[in-house]
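A look at the structure
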Protein chains: 2
Amino acid sequence: MIARRPAVSALVFDVFGTVVDWRGSIIREGRRLGRERDLRVDWAAFADAWRAGYRPAMARVRSGELPWTTIDALHRMILDDLLRQFGIQRLSEADKDHLNRAWHRLRPWPDARRGLTRLKRAFTLATLSNGNVALLVDMARHARLPWDCVLSAELFGHYKPDREAYLGAARLLGLAPRQVMLVAAHKDDLYAAKACGLRTAFVRRPLEYGPKVRADLKPERAFDCNADDFLDLASQLLPRKK
Amino acid sequence: MIARRPAVSALVFDVFGTVVDWRGSIIREGRRLGRERDLRVDWAAFADAWRAGYRPAMARVRSGELPWTTIDALHRMILDDLLRQFGIQRLSEADKDHLNRAWHRLRPWPDARRGLTRLKRAFTLATLSNGNVALLVDMARHARLPWDCVLSAELFGHYKPDREAYLGAARLLGLAPRQVMLVAAHKDDLYAAKACGLRTAFVRRPLEYGPKVRADLKPERAFDCNADDFLDLASQLLPRKK
């Protein structure tokens, strides 16, 4: 028997937008809360504003303006601002905490679980997310995502696209960067990983920002794979059955 | 419906000896290698000597004599000494690397996988091992251990029983120490966890050191649970079906 040693041993996944549909999930949770608490809010605008606060908040950590702060805490800082902006006043502390933890309950894209299950046969699967460990663990339990390992920017004290996150993931997995492939729906994440020597797989998520926003879905020759979803990625990476 | 909120949210597991049978596994791997390479070695003595080198090696890291060194690297340092002591000379570098990675392929105790699967319904399950992340991830894939999260001393730069390991695990899981229970077959590990505020479950593993060594299996009132194996632990921790 000749052992087949694939060049890539582990796939590491961006999570928000790549594995899970943050926008649809936050809108759904917001609407449910709105019905229960009799709130009139444009939850799509709320979801978009929440997500829009995410990069600037991380930038404050990356620049050193803030000490290390988890995504849970950053989400809550943004949320408290948004509740004021959207004039939402009648939420208890328990309501706010529950809403903030909606990010722990994001739902996977329809192909995600099945695609991951197929990919897991041949590759070690890990998250490589800016989400904190507790958030990612809760999400995996809720969404039944079959990770072999939960890796997070939190473990390295550096948010992506800092190099420490990509190189740290390879180091913890005991692999050289070229044995690790980042799977992501965001080109800036992939280019940063590529600059660290990782392989790259771009997955198109046309609905990440909603039906009205046209995302950049163009395949790039710079990436090792360009895939329509995780099932397509599995078809490209796994050997065909004879 | 009244939500049942158990006081304990996550179980973290010592691994070597508690989840997997390191001694039986190393003996089996050694015997196979011995047949293939025509070596005459007392593999039970070899396994015991390898394991006996483990604590002193970690102690050199804990004291600061050595910088942070993974268990893979410590195992290899001990292995190189043992190969000389046991007069084993005809192994290639690939053979030595394969033998060192036997620790990535340790087999679970017979009740482990089934017990974990039952416990996973109610609790977040994580490792809390001195083994490095890559070792634990490989082991979980080989042995199909259903961890929600792989936590390792490597993430904290501190080997158990340093406090940083226990407190770091609770922090990454987003929990207070009292919401986390350490499951272990070793009383020193459990007492160290208890001193940090974690709950404790002692699981008897009478064969960890082989049939000739009598382990300390006495239940202790200091621990929150004393169990015969993971199935017994599940029976004690999970609500009975009505």
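First things first, this report covers the structure right here in the doc. Per chain, residue numbering runs from 1 following the sequence as it is written. In the order they appear in the text, chains get letters beginning with A and ligands get numbers beginning with 1. Residue-level local features of this predicted model are given only where pLDDT is at least 70; pairs of side-chain atoms are given and counted only at 80 or more, and the full residue set underlies all totals for whole chains, interfaces and linings.

**Things to note about the interface of chain A and chain B**
Definition in use: It is the C-beta atoms, placed from the backbone, that decide contacts: two residues are in contact if theirs lie within 7 Å. Counting from the N terminus, the helices are DSSP H or I runs at least four residues long and the strands are E runs at least two residues long.
Taken together, the contact between chain A and chain B spans 13 residues of the former and 13 residues of the latter. Secondary structure elements with two or more residues in the side of chain A that touches chain B: α7 (133-143) and β3 (149-152) of chain A. With five residues, the top contributor of residues to the side of chain A that touches chain B is α7(A).

**Let's talk about the relation of the copies chain A and chain B**
Between the two chain copies there is a screw-like relation: a rotation about an axis and a shift along it. The line we're drawing: Copy-to-copy alignment: least squares on C-alpha atoms, limited to residues at pLDDT 70 or above in both.
Between chain A and chain B, which share one sequence, the superposing operator has a rotation angle of 180° and an axial displacement of 0.0 Å; the RMSD is 0.0 Å. Each copy turns onto its partner about a two-fold axis. Across chain A, the smallest distance between a C-alpha and the rotation axis is recorded for Cys149(A), namely 2.9 Å. A share of 100% of the interface residues of chain A reappears at the interface of chain B, consistent with the copies meeting face to face through the same patch.

**Brief notes about the nonpolar core**
The tendency in soluble globular proteins is for nonpolar side chains to be buried side by side. The condition is simple: The nonpolar core is taken to be a set of buried Ala, Val, Leu, Ile, Met, Phe, Trp, Tyr and Cys residues joined by way of C-beta atoms within 7 Å. We call a residue exposed when 12 or fewer other C-beta atoms sit within 10 Å of its C-beta, buried when the count reaches 20 or more, and partly exposed for counts in between; the C-beta positions come from the backbone.
The biggest cluster of nonpolar side chains holds 148 residues, and the ones touching the most others in it are Ala126(A), Ala169(A), Ala126(B) and Ala169(B). Beyond its immediate chain neighbours, meaning those up to four positions away, Ala126(A) contacts Ala10(A), Val12(A), Trp147(A), Asp148(A), Cys149(A), Val150(A), Leu151(A), Ala169(A) and Leu173(A).

**Examining the pairing of β3(A)**
In regular strands, side chains alternate between the two faces of the sheet. Residues and elements named next belong to chain A. Note the cut-off: For two strands to be treated as a pair, DSSP must find at least two bridges joining them. Crossover handedness is defined by viewing with both strands directed away from the observer: a clockwise path from the first strand over the helix to the second marks the crossover as right-handed.
By the alternation rule, side chains of β3 split into Cys 149 and Leu 151 and Val 150 and Ser 152, which are all buried. Here four bridges tie strand β2 (residues 124-129) to β3, and the two strands are oriented parallel to one another. Residue pairing across strands places Leu 128 opposite Leu 151, the latter belonging to β3. The parallel pair β2 and β3 is bridged by α7, and the resulting crossover is right-handed.

**Some remarks on the sheet that holds strand β4 (residues 180-184) of chain B**
Residue and element names in this part refer to chain B. Cut-off, in case you're wondering: Helix axes use the C-alpha atoms of the stretch in contact, all axes being lines fitted to C-alpha atoms, and the angles between their N-to-C directions lie in the range 0 to 180 degrees.
Spatial ordering of the open sheet is given by β3-β2-β1-β4-β5-β6, a layout of six strands whose pairing is parallel. Two strands close off the open sheet at either side, each with one partner strand: β3 (149-152) and β6 (225-227). Across the sheet, the axes of successive neighbouring strands diverge by a mean angle of 25°, strand direction being ignored. Here four bridges tie β4 to strand β5 (residues 199-203), and the two strands are oriented parallel to one another. Bridge pairing in β5 places Met 181 opposite Arg 199. Sheet strands touched by helix α10 (residues 230-237): β4, β5 and β6. Its angle to β6, the strand with the most contacts, is close to 140°.

**So, the packing of helix α2 (residues 43-52) of chain B against helix α4 (residues 71-85) of chain B**
Geometrically, a packed helix pair is captured by the angle between its two axes and the distance between the axes. All names here are of chain B. Put simply, the rule reads: Orientation is classified from the angle alone, with under 35 degrees giving roughly parallel, over 145 giving roughly antiparallel, 65 to 115 giving roughly perpendicular, and any other angle giving oblique. Crossing chirality is assigned from the near helix's rotation relative to the far helix, an anticlockwise turn below a right angle marking it left-handed and a clockwise turn marking it right-handed. Polar here means any residue other than Ala, Val, Leu, Ile, Met, Phe, Trp, Tyr, Cys and Pro, which are nonpolar, and Asp, Glu, Lys and Arg, which are charged; Gly is therefore polar.
The geometry of α2 relative to α4 is characterised by a closest axis approach of 9 Å and an angle of 140° between their N-to-C directions. Comparing their axes, α4 and α2 come out oblique. Here α2 and α4 pass one another in a crossing that is right-handed. Where α2 abuts α4, its residues Phe 46, Ala 49 and Trp 50 lie against Ile 78, Leu 79 and Leu 82. In terms of residue class, the contact of α2 with α4 is built from six nonpolar, no polar and no charged.

**Here we look at the sheet that holds strand β4 (residues 180-184) of chain A**
All names here are of chain A. Taking strand neighbours across the sheet as the criterion, the six strands line up as β3-β2-β1-β4-β5-β6 in an open arrangement whose pairing is parallel. Each end of this open sheet is capped by a strand with a single partner; those strands are β3 and β6 (225-227). For this sheet, the mean angle separating the axes of adjacent strands, direction not counted, is 25°. Here strand β1 (residues 10-13) pairs with β2 via four bridges, running parallel. If you follow Phe 13 over to β2, its bridge partner there is Thr 127.

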